[in-house]
Amino acid sequence: DAGITQSPRYKITETGRQVTLMCHQTWSHSYMFWYRQDLGHGLRLIYYSAAADITDKGEVPDGYVVSRSKTENFPLTLESATRSQTSVYFCASGLMRFGQYFGPGTRLTVT
Amino acid sequence: SQQGEEDPQALSIQEGENATMNCSYKTSINNLQWYRQNSGRGLVHLILIRSNEREKHSGRLRVTLDTSKKSSSLLITASRAADTASYFCATDAIFYTGNQFYFGTGTSLTVIP
């Protein structure tokens with residue numbers, strides 16, 4: 001099915017562990033984005049990618065690493081998870097200039 | 001913060017009434033977009049207005065943009081209970097280092113049947 005999927009949908013991890021959130025889109029959109037959503041902050045852009053092997057920092061990139069070896073995949077890694085990274089993470093694809101399509105989100109809890 | 005700010009933060013209206021929410025931003029933009037988020041779900045793109053446009057319509061949605069005031073408004077006419085959701089503005093903002101994309105903090109709309 002065409003669309004954008006995220007996995008896992010829910011994740012509980014411990015402080016200091018590495019966690020990778022996956023994002024996959026089937027539209028062949030050139031741009032992909034990672035956001036986090038926290039109460040009182042709305043959505044904040046973590047990283048985005050304009051094409052395979054091209055990534056750029058967003059508003060809150062510290063503590064996160066991304067890669068994009070294939071157009072359809074854009075994983076987000078928390079190298080050493082902290083409690084402040086407890087959040088709902090949304091992946092999106094599309095174009096800044098035409099609108100983005102969002103995945104269903106991953107709820108991450110860091111204990 | 002460079003993010004947009006929506007006003008009001010929360011809005012409660014009766015079904016059939018119109019709902020208006022506003023967004024202010026801080027930088028020059030290429031475009032401004034409005035999104036809807038139902039509880040616990042991802043965001044859905046509603047409408048995009050470019051910086052050289054002043055008004056745009058899509059079904060029951062009307063968006064205006066005033067770049068001199070750095071503000072936008074979203075009007076939902078003849079509201080329905082199904083319109084209950086959070087609404088976010090997002091700006092494709094222009095910086096000398098490149099474009100950035102910012103979401104506002106959202107307006108929570110409740111439509112009472």
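Our subject is the structure that appears above.
Residues numbered from 1 in each chain as written. Chains lettered and ligands numbered in written order. Predicted model: local features only at pLDDT ≥ 70, side-chain atom pairs only at ≥ 80, totals over all residues. Heavy atoms only, no water.

## Digging into the pattern of salt bridges
Which entries qualify depends on this criterion: By salt bridge we mean one thing: a side-chain nitrogen of Lys or Arg within 4 Å of a carboxyl oxygen of Asp or Glu.
Enumeration according to the criterion identifies six salt bridges over all chains in this entry. Bridged by salt links that share partners, the residues R36, D38 and R44 of chain A form one connected network.

## A few points about unusual backbone geometry
Short version of the rule: Numbering of helices and strands runs from the N terminus, with a helix taken as a DSSP run of H or I at least four residues long and a strand as a DSSP run of E at least two residues long.
Here the residue pair S7 of chain A and P8 of chain A is connected by a cis peptide bond, since its omega of -5° sits within 30 degrees of zero. Inspection of the secondary structure puts P8 of chain A in the loop between β1 (4–7) and β2 (10–13). The peptide bond linking D7 of chain B to P8 of chain B adopts the cis configuration, its omega dihedral lying at 0°. Here P8 of chain B is to be found in the loop between β1 (5–7) and β2 (10–14). Its identity is not glycine, yet A78 of chain B carries a phi of approximately 45°, on the positive side.

## Quick word on the pairing of strand β11 (residues 106–110) of chain A
Residue and element names in this part refer to chain A. Definition in use: Exposure categories follow from relative accessible area, calculated using a 1.4 Å probe and restricted to protein chains: below 20% of the type maximum is buried, above 50% is exposed, and the middle band is partly exposed. Only when DSSP finds a minimum of two bridges between them are two strands counted as paired.
Of the two faces of β11, only the one carrying T106, L108 and V110 is buried; R107 and T109 on the other face are not. As paired strands, β2 and β11 are joined by four bridges and run parallel to one another. Its bridge partner being in β11, Y10 is matched across the sheet by R107. Of the strand pairs in this sheet, strand β9 (residues 87–95) and β11 are connected by three bridges, and their pairing is antiparallel. Bridge pairing in β11 places Y89 opposite T106.

## A few points about the interface of chain B and chain A
Where the parts come together, the accessible area they lose is often given as the size of the interface. Applicable threshold: Contacts between residues were defined by any pair of non-hydrogen atoms, one from each residue, lying within 4.5 Å. The quantity reported as buried area is the accessible area (1.4 Å probe) lost by two parts once they are put together, taken as the sum for both. In protein, a polar contact means a hydrogen-donor-capable atom and an acceptor-capable atom, both N or O and within 3.5 Å, with residues adjacent in sequence counting only if both atoms are side-chain atoms; elsewhere, any N or O pair within 3.5 Å suffices.
Across the contact, 23 residues belong to chain B and 20 residues belong to chain A. Of the roughly 1,600 Å² buried at the junction of chain B and chain A (both faces included), carbon and sulfur atoms supply 50%. At the junction of chain B and chain A, the tally comes to zero salt bridges. One can count two residue pairs in polar contact (both at pLDDT 80 or more) joining chain B with chain A. The set of elements that each furnish at least two residues to the side of chain B that touches chain A consists of β4 (29–37), β5 (43–50), β9 (85–95) and β10 (98–103) of chain B.

## A word on the pairing of β4 of chain B
Residue and element names in this part refer to chain B. For β4, a buried count of seven out of nine residues is recorded, marking the element as mostly surrounded by other parts of the structure. Of the pairings in the sheet, the one linking β4 to β5 comprises seven bridges and is antiparallel in character. If you follow Q33 over to β5, its bridge partner there is L48.

## Some remarks on the environment of T5 of chain A
Residue and element names in this part refer to chain A. Tracing the chain through its elements places T5 in strand β1. Put simply, T5 and V60 are 55 residues apart on the chain and 22 Å apart in space, counted from C-alpha to C-alpha. With residues up to four places along the chain from it excluded, the contact list for T5 reads M22, C23, H24 and P104.

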